[in-house]
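If you want the building blocks of each chain, they are given just below.
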Amino acid sequence: VITIGWAMKTDTVLQKNKIFPDVELNLVMVYGVWSDGNAMDEMATRFMVDKRLGGLNTKVSVVKYGKLLLSVGRVPFVRKLVSNYIASRLATCTYKYPNAKTIVLAHSFGTWAIAQAIKDLFLEFRLDMAILVGSVIPRNYDWSGYGIAVRNFVGKKDRVVLSSALWGTGWSGRYGFHEDNSNVIQY
């Protein structure tokens with residue numbers, strides 16, 4: 001009787017805490033400054049109804065941290081808050097979707113925030129792949145110690161990324177990462 005009661009209580013806790021072991025793919029999207037994430041909301045909706053995901057039970061979400069002005073986004077304290085917030089959201093996803101592959105699609109400042117979250121708090125969450133678009137992560141970022149598949153889309157004419165050095169970030173979205181990262185594929 002004790003065992004049955006414990007099993008029923010555990011099942012109730014799973015439902016109450018919103019744990020979804022049947023989710024197979026967890027796609028998390030992170031946007032850059034000067035954005036409020038609305039464009040990514042539209043993309044998330046499209047991903048959820050897209051049949052090309054192979055019929056996987058998929059959860060798509062956009063990490064919202066508010067719209068940052070360029071001047072505020074330069075403040076180290078603010079940057080740290082954003083990267084820690086993203087890490088906490090990824091930790092929540094790791095808990096909520098324990099059997100899912102987790103993929104992050106990040107753009108612009110979102111790429112930098114993801115890289116910082118990985119660097120500072122990687123043991124707190126699970127991440128299987130990072131897809132980077134318009135990346136402002138420094139080119140010498142070392143991805144090798146994390147076991148994450150990284151796909152970096154390089155835009156040779158991306159002027160915003162080119163000016164990112166003035167913002168205290170990097171040029172990996174324009175020139176790519178250095179070639180010593182075997183888990184990084186660049187397009």
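Everything that follows concerns the structure shown earlier in this document.
Below or above, wherever it landed, is the structure these notes cover.

Conventions used here
- Starting afresh in each chain, residues are numbered from 1 along the sequence in its written order.
- Per-residue local features of the predicted model are confined to residues with pLDDT of at least 70, and side-chain atom pairs are confined, for both listing and counting, to 80 or more; whole-chain, interface and lining totals are unaffected and use all residues.
- Side-chain descriptors were evaluated using all non-hydrogen atoms of the structure, hydrogens and water having been removed beforehand.
- Under the scheme used here, helices are H or I runs from DSSP no shorter than 4 residues and strands are E runs no shorter than 2 residues, and both carry numbers assigned from the N terminus.
- We call a residue buried when its accessible area falls under 20% of the maximum for its residue type, exposed when it is over 50%, and partly exposed in between, using a 1.4 Å probe and counting protein chains only.
- Whether two residues are in contact is decided by their heavy atoms: any pair within 4.5 Å suffices.
- A helix is expected to reach a length of 1.5 Å times the quantity of its residues less one.
- Being paired, for any two strands, means DSSP has found at least two bridges between them.
- The handedness rule is simple: strands pointing away from the viewer, and a clockwise path from the first strand over the helix to the second, make the crossover right-handed.

**Considerations on the environment of Ser-83**
Note on placement: Ser-83 falls in helix 4 (residues 76–96). Overall, Ser-83 belongs to the buried group, its relative accessible area being 1%. Spatially, the C-alpha atoms of Ser-83 and Ile-114 are 6.4 Å apart, while their sequence positions differ by 31 residues. Ignoring any residue separated from it by four or fewer positions in sequence, one finds Ser-83 in contact with Ala-113, Gln-116 and Ala-117.

**Re helix 4**
An ideal rise of 1.5 Å per residue puts 30 Å on 21 residues; helix 4 measures up with 30 Å between its terminal C-alpha atoms. All of the buried residues along helix 4 are Val-78, Arg-79, Val-82, Ser-83, Ile-86, Ala-87, Leu-90, Cys-93 and Thr-94.

**Description of the pairing of strand 4 (residues 129–133)**
Residues of strand 4 alternate between two faces, with Ala-130 and Leu-132 buried on one and Met-129, Ile-131 and Val-133 left unburied on the opposite face. Of the pairings in the sheet, the one linking strand 3 (residues 101–107) to strand 4 comprises five bridges and is parallel in character. Within strand 4, the position partnered with Ile-103 by the bridge is Met-129. Considered for its hand, the β-α-β crossover made up of strand 3, helix 5 (residues 109–121) and strand 4 is right-handed. Both strand 4 and strand 5 (residues 149–153) contribute to a ladder of five bridges, which runs parallel.

**Considering the pairing of strand 1 (residues 25–30)**
Counting buried positions along strand 1 gives six out of six residues, so the element sits mostly inside the fold. Two strands pair when backbone bridges link them, and strand 1 and strand 3 are joined in this way by six bridges, in the parallel orientation. Looking at the pairing, Leu-27 lines up with Ile-103 of strand 3.

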